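An overview of the molecular structure
Here is what each chain is made of, one letter per residue.
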Amino acid sequence: MQRWRGYDAVPGGWGRSVVTIGVFDGVHRGHQATIGDTVKRARDLGVRSVVVTFDPHPSEVVRPGSHPAVLTEAARKADLIEALGTDALCVVPFTKDFSRRSPEEFVHEVLVEHLHAAQVVVGENFRFGHRAAGDVALLRRLGRTFGFAVEDAPLISAEEGTVFSSTYIRACVDAGDVAAAARALGRPHRLEGVVVRGDQRGRELGFPTANLLSGRYAAIPADGVYAGWLVRRDERLMAAVSIGTNPTFSGSERRVEAYALDFTGDLYGERLSLDFVARLRETRAYQGIEPLVAQITEDVDQTRGLLRAG
Ligand SMILES: Cc1cc2nc3c(=O)[nH]c(=O)nc-3n(C[C@H](O)[C@H](O)[C@H](O)COP(=O)(O)O)c2cc1C
Ligand SMILES: Nc1ncnc2c1ncn2[C@@H]1O[C@H](COP(=O)(O)OP(=O)(O)O)[C@@H](O)[C@H]1O
């Protein structure tokens, strides 16, 4: 997959394309259907598929301070989009200046001039251009003027009639319902970060925990204890994860800590990922170390059972 920063990076002689546009945070099952459809249509036409996305998140530029929690960091988003068979990913730097383009200017500059769109695949709630003034009906009219077709993306619904959306998944993660998030994503929710030093207490308890420092806007599940996978380079280790302030020790800082089962070694400074599979319980303040250690022992057994079964 070709990766372009800005549409000026589209190579000369790039032929016609089938294009889809969106933030695609999470690359969830709805996004997967849209992008998969784009790839298929391009292959059928014998042209190339292009995914256009934005960085930073448009909300933050339009309304500073309103950045939503991030489900997938930029590099991972690109990898997931590549895995769907996309020929090129165009990351448009979303600046104040860019946000002022009218719907017509946006379409002409991006879709027509640079990407030579033959078809544009969009969801029914797609909005574009200054103040999100453009909708699918306007895109269709512009398509007739400029010579591209507008195709509706297939709608994919979650259970209980909830349509998959990044907002829905952020709410699931925020509530600690990592199982629902995983169903909508088509894979577990992943938190990425760097292992930093904590209070050095874990090893004394018999459960050293890698403390993960993640990105500023990362979507961190609600406080609680979770079973998941610690992903380290090419290996995957079972992990019991604690998120919270360690109330037993009257901590105040919120931390994400992972005890990797059947592992000993130094993880400080490493970049790791945590894939959240299931929520086990709330974090609690225990009356001393003994009951806490007994509970962690049980959490670890439960984690092993759950991950082995799945
Ligand atoms: C599976 C697991 C569950 C945990 N549950 C709790 C809990 O319910 N309450 C609590 O205060 N701390 C809990 N902890 C966190 C420990 O207090 C924490 O690992 C310890 O303070 C070590 O901190 P450190 O890494 O900064 O040294 C849990 C840790 C693990 C690995
Ligand atoms: N099984 C394991 N799971 C997680 N971290 C481990 C494990 N074994 C060794 N470690 C190392 O021990 C560190 C955690 O020890 P801990 O006493 O909890 O210190 P800290 O408070 O700095 O996190 C981890 O960052 C990692 O480098």
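Note that this is a predicted model, so its numbers are computed, not measured.

What follows deals with the site of ligand 2. Taken together, 21 residues are adjacent to ligand 2, and G198, Q200, R203, L267 and Y268 come closest. With respect to ligand 2, the backbone of G198 contributes an N or O atom lying 2.7 Å from an oxygen atom. The separation between an oxygen atom of ligand 2 and a polar side-chain atom of D266 is 3.4 Å. Compared with its free state, where it exposes 560 Å², ligand 2 has 95% of that area covered by protein. Within the residue set of the shell around ligand 2, elements represented by two or more residues are helix 9 (202-205), strand 8 (210-214) and strand 11 (255-260). A total of three residues in the shell around ligand 2 trace back to one element, the largest contributor, which is strand 11.

Turning to its location among the elements, E192 is positioned in strand 7 (residues 189-196). Not counting residues within four places of it along the chain, the set of residues in contact with E192 comprises E73, R76, L212, L213, S214, G215, R271, L272 and S273.

Turning next to the site of ligand 1. Around ligand 1 sit 25 residues, and of these R201, T209, T248, E257 and R284 come closest. Between an oxygen atom of ligand 1 and a side-chain N or O atom of E257, the distance comes to 2.8 Å. Protein coverage of the free-state accessible area of ligand 1, which is 630 Å², stands at 99%. Those elements that place two or more of their residues in the shell around ligand 1 are helix 9, strand 10 (235-244), strand 11 and helix 10 (289-309). Its residues assigned to classes, the shell around ligand 1 shows nine nonpolar, nine polar and seven charged.

Moving on, we get to the UniProt feature "domain: Riboflavin kinase" (unreviewed entry) in the chain. As annotated in UniProt, the feature "domain: Riboflavin kinase" (unreviewed entry) corresponds to residues 184-308 in the numbering used here. Split by type, residues 184-308 is 21% helix and 39% strand. Its first and last C-alpha atoms lie 22 Å apart.

Taken as a whole, this structure holds 21 salt bridges when the rule is applied. Between E109 and R101 there is a salt bridge; the shortest N-O distance is 2.8 Å. Across the pair D299 and R281 runs a salt bridge, and its minimum N-O distance is 2.8 Å. Residue D299 is found in helix 10, and its partner R281 is found in strand 12 (residues 271-281); the two are separated by 18 residues along the sequence. The class for D299 is buried, based on a relative accessible area of 3%. Taken together, the salt bridges that share partners define one network made up of D199, R201, E253 and R255.

Parameters at a glance
- Residues numbered from 1 in each chain as written.
- Chains lettered and ligands numbered in written order.
- Predicted model: local features only at pLDDT ≥ 70, side-chain atom pairs only at ≥ 80, totals over all residues.
- Heavy atoms only, no water.
- Near = heavy atom within 4 Å.
- Polar contact = N/O pair within 3.5 Å; in protein donor to acceptor, adjacent residues only side chain to side chain.
- Areas by Shrake-Rupley, 256 points an atom, 1.4 Å probe, with all protein chains shown as cover.
- Helix = DSSP H or I, 4+ residues; strand = E, 2+ residues; numbered from the N terminus.
- Contact = heavy atoms within 4.5 Å.
- Nonpolar A, V, L, I, M, F, W, Y, C, P; charged D, E, K, R; others polar.
- UniProt positions renumbered as here; feature names shortened; annotations may be inferred.
- Salt bridge = Lys/Arg side-chain N within 4 Å of Asp/Glu carboxyl O.
- Buried < 20%, exposed > 50% of the residue type's maximum accessible area, 1.4 Å probe, protein only.

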